[in-house]
Amino acid sequence: MNTARFNVDSLLVEVFSNRGFMGVAAADAAVGILRGAIEKQGSARIVVASAPSQNELIAGLVKAPGMDWSKVTVFHMDEYVGVQASYPASFRNYQQEHLLSKVSPKAFHGIRGEAPSAEEECARYAALLTEAPIDLVCMGVGENGHIAFNDPPVADFADPQWVKIVELDEICRQQQVNDGCFPDFDAVPKYAITLTCPALMSGKALVCVVPGPRKADAVAAMLGVEISTSCPASILRRHAAATLYLDVDSAAKIDQNVNSSGAAT
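Residues numbered from 1 in each chain as written. Predicted model: local features only at pLDDT ≥ 70, side-chain atom pairs only at ≥ 80, totals over all residues. Heavy atoms only, no water.

Student: Would you mind going over the pairing of strand E9 (residues 191-195) with me for this structure?
Tutor: The side chains of a regular strand alternate, residue by residue, between the two faces of the sheet. Counting buried residues along E9, four of its five residues qualify, which places the element largely inside the surrounding structure. By the bridge criterion, three bridges tie strand E5 (residues 78-80) to E9 in an arrangement that is antiparallel. In the strand pairing of E9, Tyr 80 is matched with Ala 192. Across five bridges, the pairing between strand E8 (residues 163-167) and E9 is antiparallel. Bridging from a neighbouring strand, Ile 165 pairs with Ile 193 of E9. (Buried < 20%, exposed > 50% of the residue type's maximum accessible area, 1.4 Å probe, protein only. Helix = DSSP H or I, 4+ residues; strand = E, 2+ residues; numbered from the N terminus. Pairing = 2+ DSSP bridges.)

Right, dumping it as structure tokens:
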């Protein structure tokens, strides 16, 4: 059940009574965007996040009746440097488990974390991304406000690169433990390959799904602070076709005085 709907700058925000309703609504929107792209141009290109927060969205995508995945090219957002695709916490493994084992897309382009040269892998993946426009980005927001692995210390809204190597900050690494992806902090890799902020913002449409109480502070900052890299997700407020899907837990700390201009009154 939808409990609230409002805009902050250009960003549409929708709040739902639980994660299930949130995921269904986000998946329905994403499927509609993909079907529209296929109808218009014969194919679609999508970037998909890899995190437990995206489980309900992806479950809805794979169950969508009549969705022609043979016309959809799939990318993902990030991968740990030095990690094989078969490693349980790798993001390619997440995509295999949640998406690729259930549908057969036209192509899936994985980021090769194990590549001998991470710099060359960034260039290879950027070339694939820029072959044609991205129709849809399905994304989340981290506990530190990151999008993909653009943590506050490394996020750049005017980044000249589409894909780059980053050092993960401590909050980001701890989140991977909180999500159950690693047993402890020291087990989390320090470096990753990530799509940059401009790459994510290039999507014609953004569907951003952010559930749970651990994301409440990030959501409040995303919507309530000045748009800046101190909260990288705040940049979504400048996208012309972005929707933020929340449950009541992640929306709990939104400033009630945030008005439609995105400013606190």
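Anyway, onward from the coordinates.
Student: Quick question: what am I supposed to make of helix H2 (residues 55-63) here?
Tutor: One turn of the α-helix equals 3.6 residues, which is why residues spaced by three or four share an orientation. Residues of H2 that are buried: Leu 57, Ile 58, Leu 61 and Val 62. The buried residues of H2 occupy an angular sector of 130 degrees when the element is viewed end-on, so they sit on one face. The secondary structure elements touched by the buried residues of H2 are helix H1 (19-41), strand E3 (44-48), helix H3 (91-100), strand E7 (136-139) and strand E10 (205-210). (Arc of directions from axis to C-beta. Contact = heavy atoms within 4.5 Å.)

Read these as spatial facts, not as claims about activity.
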